[in-house]
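# Residue-level structural notes
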Amino acid sequence: MATDLQGVIQFFRQKHGFERILESMFDLFVQHGRAFGAARLFTPTTEEETAISDFFNRDYYDQALIRIGLADFERQMQKNFSTTVTLESFLSGYIGKPIKPPQDSKPSAFAYVVLTEIAPKFEDTAAESWLKEISIQTRRAYRQLAEQYITRPEKILNMITTTAKTYNDLGDEYITLAEFSKKNMGAEDALDFTSPYGKLFLKALAFKFKQPVPEATEDCISLHLRAKLISCGSLSHVTIKPCGKSEAIVLTLENLHSRSDFSNFGDKIYIIEDALIFSKMRMEEGTVICPTGGLNAAFMYLLLQLGETPFYYAGNMTYKGLEQADKLYLKFKNFIPWRYDPEDYAFITSEDFFFLPDEKRSLALHNETLASLLSNIRKTGKTANSMPLVHKYADDIRRGGGQSHISTRR
């Protein structure tokens, strides 16, 4: 066991999984000049989860965000190794740079102004905590704003103030982003993904919902939807074959938002993940839905509008497919796994199959039926396209459920 500074540094350099969190801690220490605040690790890898869990002797697995207080880390480090090793000396040696606290131990000029001049104006509002977050994450998430502040201080401070006001105006009713933007910013496109205000607003929303700032368009749409904002609806869509119709229709997020006839979908819904299988469902019985691109914003919005209407979900029998189905199970009480039983798996792999890559070792599922199938897949390593089940899907729908063939275990 390492007991001196160099031994502790050597330990962490050899132990993979600490790199990102220690770099974040170094930046925070430089910013505040002391062990203050908490470092954030978004979407940690399995290696990082294991390293941090072992170090603290606590369970940090399956978290989208890991927060580690600098003071907590220092205490644990001294408990595990030596009380003589300080966080400042350790971080300086580990990173290979001296820690030079800002003058008077204050944050940078930009962070200090946000914290002392803007945040007090929003005291006891939702935006206050976000504004304080800006002062903490200046060197990382808000570095570009801090650099722009040097030459255009009034413009940047006005942008932050306006965004904070907009943040506080988020409501509980769905509204289009264009309407919300015009109401708060005076222009429908002011909060578009590519605009300066739009990018800053996304960071505020990411903080609100404790998730990484999205980069892909669909992820931005989904984040807006969590805030009850309908944005870029034409880009996110879902395919539906309504009950009583034999042809499918494509509805965008905007189309779905303007509809009020979800009760006409019937007393149960059938969802098929595979678009090719969905295309074979030419029947008038039942409402059948295809997510068309995974768990996108339009699809998730539609499921929310269904209320308590039960929906039977048939997804791909792969690691990714099971993980996706389990996410729906955790989010919706009306989720029912459809044809995930051992006989269905054996049927599709009986003739044509391929071996799955050795991945998702740490995947743990919450739904009993899905977890059982995952165990079966791991034993055989096989999967196959579910197309052979298409006639069984059709028979289930014609019978109005076919409980003997639809998994009902939760």
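The present account deals with the structure reproduced in this document.

Our next topic: the pattern of salt bridges. Two side chains bearing opposite charge may form a pair once their charged atoms approach each other closely. This structure, assessed with the given rule, holds 11 salt bridges. Close ionic contact of Asp 169 with Lys 183 constitutes a salt bridge, the shortest N to O distance being 3.2 Å. Of the two residues, Asp 169 sits in the loop between helix H9 (153-168) and strand E3 (175-176) while Lys 183 sits in helix H10 (residues 177-185), which places them 14 residues apart along the sequence. A salt bridge links Arg 399 to Asp 396; its shortest N-O distance comes to 2.9 Å.

Attention now moves to the pairing of strand E2 (residues 65-69). A large share of E2 lies buried, amounting to four of its five residues. Looking at chain direction, strand E1 (residues 38-42) and E2 are connected through five bridges and run antiparallel. Across the sheet, the residue bridging to Phe 42 is Leu 65, located in E2.

What follows deals with the packing of helix H6 (residues 109-118) against helix H7 (residues 126-136). Where H6 contacts H7, the two axes come as close as 8 Å, and the packing angle between them is 160 degrees. In terms of orientation, H6 and H7 fall into the roughly antiparallel class. In this structure, H6 meets H7 at a crossing whose hand is left-handed. Contacts between H6 and H7 pair Phe 110, Ala 111, Val 114, Leu 115 and Ile 118 from the former with Leu 131, Lys 132, Ile 134 and Ser 135 from the latter. Counted by class, the contact of H6 with H7 contains seven nonpolar, one polar and one charged residues.

Moving on: the sheet that holds strand E5 (residues 237-241). Read from one edge to the other, the open sheet built from six strands follows the order E6-E5-E8-E7-E9-E10, with strand pairing classed as mixed. Edge positions in the open sheet fall to strand E6 (249-252) and strand E10 (335-337), since each of these has one partner strand only. With direction set aside, neighbouring strand axes in the sheet form an average angle of 30 degrees. Both E5 and strand E8 (residues 287-290) contribute to a ladder of three bridges, which runs antiparallel. What sits directly across from Lys 241, in E8, is Val 288.

This paragraph deals with helix H11 (residues 196-208). End to end, H11 covers 19 Å across 13 residues, agreeing with the expected 18 Å (1.5 Å per residue, within 8%). Among all positions of H11, only Gly 198, Leu 200, Phe 201, Leu 202, Ala 204, Leu 205 and Ala 206 are buried. Contacts from the buried residues of H11 go to H7, helix H8 (143-151), H9, H10, helix H12 (217-226) and strand E4 (229-230). Phi for Lys 210, located one or two positions after H11, is positive at around 55 degrees.

Take the packing of aromatic side chains next. One pass over the full model with this rule turns up 26 aromatic pairs. With a centroid separation of 4.9 Å and 85 degrees between ring planes, the pair formed by Phe 12 and Phe 18 is classed as edge-to-face. By relative accessible area, Phe 12 is classed as buried at 0%. Arranged with centres 5.8 Å apart and planes meeting at 50 degrees, the rings of Phe 12 and Phe 73 form a pair that is tilted. Here the residue Phe 12 occupies a position in helix H1 (residues 5-14), and Phe 73 occupies one in helix H4 (residues 70-80), the gap between them amounting to 61 residues. Both residues of the pair, Phe 12 and Phe 73, count as buried. Among the aromatic side chains, those forming a connected cluster through ring pairs are Phe 11, Phe 12, Phe 18, Phe 55, Phe 56, Tyr 60, Phe 73, Phe 81, Phe 90 and Tyr 94.

Take the environment of Thr 3 next. Take Thr 3: it is sitting in the segment before H1. Those residues in contact with Thr 3, other than ones at most four positions away along the chain, are Phe 81, Ser 82, Thr 84 and Val 85.

Let us look at the packing of H7 against H11. H11 packs onto H7 with a crossing angle of 110 degrees between their chain directions and a minimal axis gap of 10 Å. Viewed along their axes, H7 and H11 adopt a mutual orientation that is roughly perpendicular. When H7 is examined against H11, the residues Ser 129, Trp 130 and Glu 133 are found in contact with a partner set consisting of Leu 200, Lys 203, Ala 204 and Phe 207.

Right, let's get into the environment of Asp 274. Assignment of secondary structure puts Asp 274 in the loop between strand E7 (269-272) and helix H14 (275-279). Overall, Asp 274 belongs to the buried group, its relative accessible area being 15%. Placed 73 residues apart in sequence, Asp 274 and Phe 347 show a C-alpha to C-alpha distance of 17 Å. Residues in contact with Asp 274, not counting those within four places in the same chain, are Cys 290, Asn 316 and Asn 385. Here Leu 276 takes part through its backbone nitrogen, which lies 2.8 Å from a polar atom of the side chain of Asp 274.

Structurally, Thr 349 can be placed in helix H17 (residues 342-349). Classification of Thr 349 as buried rests on a relative accessible area of 9%. Here Tyr 345 takes part through its backbone oxygen, which lies 2.8 Å from a polar atom of the side chain of Thr 349. Those residues in contact with Thr 349 that sit more than four places away from it in its chain are Lys 382, Thr 383 and Ala 384.

This brings us to the state of the cysteines. Within this structure, the stated rule accounts for zero disulfides. Sulfur of Cys 243: no disulfide; nearest cysteine sulfur belongs to Cys 290 and is 18 Å away. Taking relative accessible area as the criterion, Cys 243 reaches 40% and is therefore assigned partly exposed. Residue classification places Cys 290 among the buried residues on the basis of a relative accessible area of 2%.

Reading the values: the criteria
Residues numbered from 1 in each chain as written. Predicted model: local features only at pLDDT ≥ 70, side-chain atom pairs only at ≥ 80, totals over all residues. Heavy atoms only, no water. Salt bridge = Lys/Arg side-chain N within 4 Å of Asp/Glu carboxyl O. Helix = DSSP H or I, 4+ residues; strand = E, 2+ residues; numbered from the N terminus. Buried < 20%, exposed > 50% of the residue type's maximum accessible area, 1.4 Å probe, protein only. Pairing = 2+ DSSP bridges. Axes fitted to C-alpha atoms, helices over the stretch in contact; angles between N-to-C directions. Parallel < 35°, antiparallel > 145°, perpendicular 65-115°, else oblique. Left-handed = near helix turned anticlockwise from the far one by under 90°. Contact = heavy atoms within 4.5 Å. Nonpolar A, V, L, I, M, F, W, Y, C, P; charged D, E, K, R; others polar. Expected span 1.5 Å × (residues − 1). Phe/Tyr/Trp six-rings, centres within 6.5 Å; stacked < 30°, edge-to-face > 60°. Polar contact = N/O pair within 3.5 Å; in protein donor to acceptor, adjacent residues only side chain to side chain. Disulfide = S-S within 2.5 Å.

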